[in-house]
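Architecture and fold: a report
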Amino acid sequence: MTERSKIVDLLNSDSSKPLILVKGWIRTQRESKDFSFIELNDGSCLANIQIIVDNDIDSYSEVVKLTTGAAIAVSGELVESPGKGQKWEIRAKNIEVLGIAPEDFPLQKKRHSDEYLRTIAHLRPRSNKYSAIFRIRSKLSYAIHKFFQERDFQWIHTPIITGSDCEGAGEMFNVTTLDLNNIPKKDGAIDYEQDFFGKEASLTVSGQLSVESFCLSLGNVYTFGPTFRAENSNTSRHMSEFWMIEPEMAFADLNDDMKLGQEFIQYLIKFTLDECTEDLALFARFVDKMLMSTLDNIVNNDFIRLPYTDAIDLLKNSNQKFEFPVEWGSDLQSEHERFLTETHFKQPVIVYDYPKDIKAFYMRLNDDEKTVAAMDILVPAIGEIIGGSQREERYDLLKKRINEMDFDEADYWWYLDTRKYGTVPHAGFGLGFERLLMLVSGISNIRDVIPFPRTPKHLEF
Ligand code: 4AD
Ligand code: MG
């Protein structure tokens, strides 16, 4: 365990060496002639500490019965280890058993499949791989705030319960206290006036609209929180609940947005390389042998910038067999995105200026009147990791678009107000936090980088 380990307390003692106290979970316990070896881990880092237990300590008979998964508190002397593989070990003077783990403890020391570990998501953080990814998740959450705070972006807490569908894709989860067995109706429709908020309410799919109004007040801002999408797609890159980071810059255009997106991703990867070295090494060794070169490549090169129209031409001329047809006007599918970033350019690609009909209502119309100032950042192995745009800041055009898309203008009154009173050019994006974690770890299923995944027909834990 490192110096950082919180549970290493120095205690005063009569012994020539000070006693230290460590608490943790047993990874392995084996008995030899006069003593027993325990590998103990407290979750603070990958390394275990070896405990040597002489057979003359009081609780010895209890200790030799302990198995993988049990929790103990050990006080003993920290001594240089004569054995291989560790510099230090602890010679136990006393062991207190905090919690035994019977033989059916599901995480015995052997390799388990990710699928199996998902069924024991409450215990999988006791394993090396999952403790490592969740430590990286914590560190990266901090790095996200560090990145923005160093640049004077203000953190805005946008609401989770909302009345507006930001993306307009109709993938909202309803929030209601109505009796589902007896839904009140008025003129044949659900009478939301009787519901908790007196109107239809949902879980947010994005904090963007709210954060924009703060952008047009405080300048550069960001929001970082959970978002929810009732999208019925069971892929390795989608979940019903995921975390998103959404910065929004005032007095900024699409170029500023692409620049920030690249800097942000490079900063977070560099932070992981510098601050999560030990945990990252595990992924480079056991999960993705190419991980380090992929990450170095992303950190050290500018991302390719490619207009959507050029991307379509490139895909059409690629002689590649795709499952989905490539047509100007249709959205890029994951296979197209991955071809661009993995096969063709072999580095991150920013595709921009998408057809307006496949993008959200708030994106700024380009002068060609066919495309909008949108950008997606695509990365190897994942595809889209960031989606963003310059926003339509012109009141009349925004209002026209809301009506064209058959949205109820009344729902967006406050959003339109931000364009009515002192509107300015502004731009932002959303980065899917779990997709970032997949990128830095090489983990290929999004369910394995979030503590308790929520996906269609799956709500355990
Ligand atoms: O491209 P999206 O839908 O963009 C927005 O929500 C904008 N409002 C963001 C903005 O401009 N402020 O989502 C942004 C990112 C995607 O690029 C992807 O990384 C992630 O969020 N994402 C998901 N991650 C996991 N599961 C899902 N179902 C996701 N849907 C989007
Ligand atoms: Mg998108």
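Residues numbered from 1 in each chain as written. Chains lettered and ligands numbered in written order. Predicted model: local features only at pLDDT ≥ 70, side-chain atom pairs only at ≥ 80, totals over all residues. Heavy atoms only, no water.

**Looking at the pairing of strand 6 (residues 88-99)**
- In the sheet, strand 4 (residues 49-54) pairs with strand 6 via 3 bridges, with the strands oriented parallel. In the sheet register, Gln50 faces strand 6, and the bridge partner there is Glu89.
- Summarising the sheet, strand 5 (residues 71-80) and strand 6 pair through 10 bridges and their orientation is antiparallel. Along strand 6, the bridge assignment pairs Ser75 with Asn94. (Pairing = 2+ DSSP bridges. Helix = DSSP H or I, 4+ residues; strand = E, 2+ residues; numbered from the N terminus.)

**Quick look at the nonpolar core**
- Of all hydrophobic cores here, the largest spans 84 residues; its most connected members are Ile51, Leu140 and Ile265.
- By residue number, the principal contributor to this core is helix 3 (residues 128-150), which donates 10 residues.
- Residue contacts for Ile51: discarding those within four places in its chain leaves Val22, Ser36, Phe37, Ile38, Leu40, Val74, Ile90 and Ala92.
- Among the nonpolar cores identified, the runner-up in size contains 32 residues, and Ile312, Val349, Leu378 and Leu416 belong to it. (Core = buried A, V, L, I, M, F, W, Y, C linked by side-chain atoms within 4.5 Å. Buried < 20%, exposed > 50% of the residue type's maximum accessible area, 1.4 Å probe, protein only. Contact = heavy atoms within 4.5 Å.)

**Thoughts on the packing of helix 8 (residues 308-316) against helix 9 (residues 334-344)**
- The interhelical angle for the contact between helix 8 and helix 9, taken along N-to-C directions, is 80 degrees, at an axis separation of 11 Å. Comparing their axes, helix 9 and helix 8 come out roughly perpendicular. For the pair formed by helix 8 and helix 9, the contact residues are Ala311, Leu314 and Leu315 on the first element and His336, Phe339, Leu340 and His344 on the second.
- Here the contact of helix 8 with helix 9 is built from residues that sort into 5 nonpolar, 2 polar and no charged. (Axes fitted to C-alpha atoms, helices over the stretch in contact; angles between N-to-C directions. Parallel < 35°, antiparallel > 145°, perpendicular 65-115°, else oblique. Nonpolar A, V, L, I, M, F, W, Y, C, P; charged D, E, K, R; others polar.)

**A word on the packing of helix 5 (residues 254-275) against helix 7 (residues 291-300)**
- As a packed pair, helix 5 and helix 7 sit with axes 9 Å apart at the nearest point and diverge in direction by 135 degrees. Comparing their axes, helix 7 and helix 5 come out oblique. The element helix 5 and its partner helix 7 pack so that their crossing is left-handed. Touching Ile265, Gln266, Ile269, Lys270 and Leu273 of helix 5 are Met292, Leu295, Asp296, Ile298 and Val299, all from helix 7.
- Of the residues in the contact of helix 5 with helix 7, the class split is 7 nonpolar, 1 polar and 2 charged. (Left-handed = near helix turned anticlockwise from the far one by under 90°.)

**Considerations on helix 3**
- With 23 residues, helix 3 extends 32 Å from end C-alpha to end C-alpha; this agrees with the ideal 33 Å at 1.5 Å per step.
- Looking one or two places after helix 3, you find Asp152, whose phi comes out positive at around 60 degrees. (Expected span 1.5 Å × (residues − 1).)

**Here we look at the site of ligand 1**
- In the vicinity of ligand 1, 25 residues are found, and the nearest of them are Glu167, Gln208, Arg229, Glu246 and Glu384.
- Note that an oxygen atom of ligand 1 is positioned 2.8 Å from one of the side-chain N or O atoms of Arg229.
- Residue Glu231 places a side-chain N or O atom 3.3 Å away from a nitrogen atom belonging to ligand 1.
- Coverage of ligand 1 by the protein chains reaches 93% of its 630 Å² of free accessible surface.
- Judged by its atoms lying within 2 Å of the grid points, ligand 1 is housed in the largest pocket.
- Listing elements by their share of the shell around ligand 1, those giving two or more residues are strand 14 (241-250), strand 18 (383-390) and strand 19 (426-432).
- Looking at the shell around ligand 1, its residues break down into 9 nonpolar, 8 polar and 8 charged. (Near = heavy atom within 4 Å. Polar contact = N/O pair within 3.5 Å; in protein donor to acceptor, adjacent residues only side chain to side chain. Areas by Shrake-Rupley, 256 points an atom, 1.4 Å probe, with all protein chains shown as cover. 1 Å grid on protein atoms, 1.4 Å probe; cavity = no way out; pocket = protein on both sides within 12 Å on 5 of 7 lines; lining within 4 Å. Sits in = over half its atoms within 2 Å of the grid points.)

**Describing the sheet that holds strand 7 (residues 154-155)**
- Taken in spatial order, the 8 strands of this open sheet run 7-13-14-19-18-17-16-15, and their pairing is mixed. The open sheet has two edge strands, strand 7 and strand 15 (304-307), and neither has a second partner.
- Here strand 16 (residues 349-355) pairs with strand 17 (residues 371-379) via 6 bridges, running antiparallel. Directly across from Tyr354, in strand 17, lies its bridge partner Val372.

**Brief notes about a nonpolar patch on the surface**
- The grouping of Ile160, Ile161, Phe196 and Phe197 at the surface amounts to a nonpolar patch, some 390 Å² of accessible area in total.
- Considering the arrangement of structural elements, one finds Phe196 in the loop between strand 11 (189-190) and strand 12 (201-203).
- On the basis of relative accessibility, which here comes to 60%, the residue Phe196 falls in the exposed class. (Patch = residues over 30% accessible without salt bridge, like charges linked within 9 Å, V, L, I, M, F, W, Y side chains within 5 Å. Salt bridge = Lys/Arg side-chain N within 4 Å of Asp/Glu carboxyl O.)

**Considerations on the layout of surface pockets**
- In this structure, the largest pocket spans a volume of roughly 1100 Å³.
- When contributions to the lining of the largest pocket are tallied by element, the ones reaching two or more residues are helix 4 (208-218), strand 14, helix 9, strand 18, strand 19 and helix 12 (433-441).
- Looking at side-chain class alone, the lining of the largest pocket contains 19 nonpolar, 11 polar and 15 charged residues.
- Of the voids in this model, the second largest pocket is the one considered here, and its volume is about 670 Å³.
- Lining the second largest pocket are 25 residues, with Lys110, Arg111, Ser127, Asn128 and Lys129 sitting closest to its centre. (Points joined across faces, edges and corners; volume = space filled by probe spheres on them.)

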